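A look at the structure
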Amino acid sequence: MLSKEEIKLIEKEMAKFPVKSAASIESLKIVQDKQRWVSDKALAEVARILEMPVTELENVASFYNLIYRKPVGRHVIHLCESISCWVMGLEDILGYLNKKLGISYGETTEDDRFTLLPIQCLGDCDKAPAMMVDNDLYNNLTTEKIDDILQKYQ
Amino acid sequence: METPLTKNIIKGKTIDLKIYEKSGGYQGLRKAMSKNPEDITSIVKESGLKGRGGAGFNTGQKWSFVPMGKDAPKEKYLIANADEMEPGTFKDRLLLEGDPHQLIEGMIIASYAIQASNAFIFMRWTYQNSADQIRKAIAEAHEAGYLGRNILNTGFDLDIHLHVSAGRYICGEETALLNALEGKRAIPRSKPPFPQVSGLFGKPTIVNNVETLCNLPHIIDKGKEWYKSLSITDEGGTKLYGVSGRVKKPGCWELPLGTTMREIIEEHAGGMLDGYKFRGALPGGASTDFLIEEHMDTVMDYSSAMKAGSRLGTGTLVILDDKTCPVGFVHNLEKFFAHESCGWCTPCRDGLPWVEKVLNAIENGEGVEKDMKILEFHTSYLSPGHTYCALAPGAMEPLQSALKYFREDFMKHINEKRCPWRNNYA
Ligand SMILES: Cc1cc2nc3c(=O)[nH]c(=O)nc-3n(C[C@H](O)[C@H](O)[C@H](O)COP(=O)(O)O)c2cc1C
Ligand code: SF4
Ligand code: FES
């Protein structure tokens, strides 16, 4: 079920464009902001509001890397796996995160605290390796730094 | 040395409207609005400004294809491409976070030149701070009368909308970007028609890179001759160059267009880290051909980079050092391209994953000599003209140049059945 607030935000987005379906990505992001991910049920509701076939919206949703179609933990770690970060020691950082959290890419810790996902170049290549936790960017990563960063996200 | 694009930028801070105006901000716009739209296009064309998004097309010339005059469609659009997902590229973010009004002013000038009354900034999701700064700047510009109805009492109306994407490299390709803005899967469109004639919602549309647009206020304010004199070569203006990898001072600097690769790496980036040697560089992001030691004195402008067998691309160099495996390096790039292919054309959809698999096998010591032939085959199978967009040919640029310059390293993997670097690494 979408909340009244979500529906209101979606309607506001719709008003910006000549066709309703142009608000599809914004709408999915609104739902994801509130519910952490986009379930089939939520997606169907959004499709109804935007007057789009469900399969078409599903097609859009699955196309983007940052629309989650599976539940994620309370915090999402996006580790940059692009070239400059790879050169600057990404594999060590990934190995450390895998061991420390006991999860690989695409998995969520048992306590539902973290989901680990790869992401493409974060545009912070001169301070590689870099990662995002939720909306926050961290760079010049070392294994020691990771310990401090993760502390902040409970 | 003048640095118009970054002169106001202080790391970690954002220039607000007051400071921007004090340093001459919005003067270019005032001058622009006292001229005919067509004259703006001519000035920009003659200034020599080339698109900073990678392709390097003359900006004024691109605008000149937009229908103008009484019979032109009423709705037209200007779009700032702030997707910046090319691996190894980190220049537009500096401009977005540091001096957002410069982009806004550039967008108003460009919109006025093509007579668009709505403009969009297409921004990637990960640039959260950029999005916040841009939102603030748009609100300030509205308040000050630079946006909205009847701008500076000229009768010209313009609104700028921020669209934050949901992450997919192909969205940066200008026709895929249009589909993304329309809420569709971001698949490129076949051309013609070109966006300048039929773009967003079927209306004439110009897509320009952030850095391109940031040049406009200065060109209009100080004139095309001044602008041309900024560069070392005849291509005009300054360029944001960057360096990442194992150098002493990685970073991004505004330098005269045509600065040599040697000066960028050795002076501005401080040279290689102690204990590391330079082996090669991608001069402008993941989809450019390697340049090597013998190209060190290449002038980094569009035509010279091309002559050296590569492209200027985004102007941000990624360095390959002697302790990093070239096969692993290229494998990382191809994994990215394979993942980001939109799947529309068969050669790209099937070819890139194959290339990725072969590179992975070679890197893991499971490669055979025939694999080199397979890689070579793909560099022509995915070359320009075989696909709808430039993603696939771009993906082949680092590969084809690596096969040329680092062939022995590939062969060593195959012959020794292991990665010679990875053992040191582990
Ligand atoms: C796969 C792909 C991704 C691209 N990504 C970007 C991008 O993130 N930003 C950008 O400005 N141009 C990007 N481009 C280039 C655009 O298609 C287009 O040429 C550019 O935005 C035009 O602006 P300019 O003329 O000011 O350079 C990309 C091209 C391709 C083929
Ligand atoms: S070249 Fe690749 S990314 Fe470009 S349209 Fe074809 S399949 Fe899509
Ligand atoms: S490659 Fe990781 S931030 Fe650019």
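Every chain's residues receive numbers from 1 upward, in the order its sequence appears when written. To read the labels, note that chains go from A and ligands from 1, taken in the order they are written. Where local features are concerned, this predicted model is filtered to residues with pLDDT of at least 70; where side-chain atom pairs are given and counted, the filter is 80 or more; whole-chain, interface and lining totals use all residues. Computation of side-chain values covers all heavy atoms of the structure but excludes hydrogens and water.

Comments concerning the domain arrangement of chain B
Residues and elements named next belong to chain B. Definition in use: Where each domain starts and ends follows an automatic or database-derived domain assignment. Residue contacts are defined here by distance: any two heavy atoms, one from each residue, within 4.5 Å place the two residues in contact. Salt bridge criterion: a side-chain nitrogen from Lys or Arg within 4 Å of a carboxyl oxygen from Asp or Glu.
Taken domain by domain, chain B comprises domain 1 (17-229), domain 2 (238-321) and domain 3 (326-425). Across the contact, 11 residues belong to domain 1 and 10 residues belong to domain 3. One can count one salt bridge joining domain 1 with domain 3. One salt bridge in this structure joins Arg 168 and Glu 340, with 3.4 Å as the shortest N-O distance.

What to know about the site of ligand 2
Rule in force here: Throughout this document, a residue counts as near a molecule or strand when at least one of its heavy atoms sits within 4 Å of that molecule or strand. When residues are sorted by character, Ala, Val, Leu, Ile, Met, Phe, Trp, Tyr, Cys and Pro go into the nonpolar class, Asp, Glu, Lys and Arg into the charged class, and all the rest, Gly among them, into the polar class.
Close to ligand 2 lie 13 residues; B:Cys342, B:Trp344, B:Cys345, B:Cys348 and B:Cys389 are nearest. Here the residues of the shell around ligand 2 sort into 10 nonpolar, three polar and no charged.

Here's the deal with the pairing of strand 8 (residues 278-282) of chain B
The side chains of a regular strand alternate, residue by residue, between the two faces of the sheet. Residue and element names in this part refer to chain B. As a reminder, the rule being used: Only protein chains enter the area calculation, which uses a 1.4 Å probe; residues under 20% of their type maximum are buried, those over 50% are exposed, and those in between are partly exposed. In DSSP terms, a helix is any run of H or I states spanning at least four residues, a strand is any run of E spanning at least two, and both are numbered starting from the N terminus. Criterion used throughout: strands pair if DSSP finds at least two bridges between them.
Across the five residues of strand 8, four count as buried, placing the element largely inside the fold. Here strand 8 runs beside strand 9 (residues 316-321); their pairing, made up of four bridges, is antiparallel. Opposite Phe 278, over in strand 9, you have Asp 321 as the bridge partner.

Here's the deal with the packing of aromatic side chains
Here is the rule we go by: Note on aromatic pairs: the rings of Phe, Tyr and Trp (six-membered ring only in Trp) are paired at centre separations within 6.5 Å, and the planes decide the class, stacked below 30 degrees, edge-to-face beyond 60, tilted for the rest. Whether a charge sits over a ring depends on NZ of Lys or CZ of Arg being within 6 Å of the ring centre and within 35 degrees of the ring normal.
Taken as a whole and judged by the stated rule, the model has 17 aromatic pairs over all chains. Among the aromatic residues, ring-to-ring pairing joins A:Phe17, B:Tyr77, B:Phe120 and B:Phe201 into one connected group. Lying over the aromatic face of B:Tyr127, B:Arg93 brings its terminal NZ or CZ to 4.9 Å of the ring centre. Looking at B:Lys323, its charged tip hangs above the ring of B:Tyr276, at a distance of 5.0 Å from the centre.

Side note on the site of ligand 1
All names here are of chain B. Put simply, the rule reads: Whenever a nitrogen or oxygen atom comes within 3.5 Å of another N or O atom, the pair is scored as a polar contact, on the condition that within protein one atom can donate a hydrogen and the other can accept it, and that pairs from neighbouring residues in sequence are kept only if both atoms are in side chains. Each accessible area value is a Shrake-Rupley result obtained with a 1.4 Å probe; residue values ignore everything except the protein chains displayed when judging cover.
Neighbouring ligand 1 are 18 residues, the closest being Gly 53, Glu 84, Asn 208, Asn 209 and Thr 212. Taking Gly 53, its main chain carries an N or O atom lying 2.8 Å from an oxygen atom of ligand 1. One of the backbone nitrogen or oxygen atoms of Glu 84 is found 2.9 Å away from an oxygen atom of ligand 1. Protein chains bury 89% of the 620 Å² of accessible surface belonging to ligand 1 in isolation. Of all the elements, strand 5 (residues 205-209) adds the most residues to the shell around ligand 1, at three residues. Here the residues of the shell around ligand 1 are counted per class, giving five nonpolar, seven polar and six charged.

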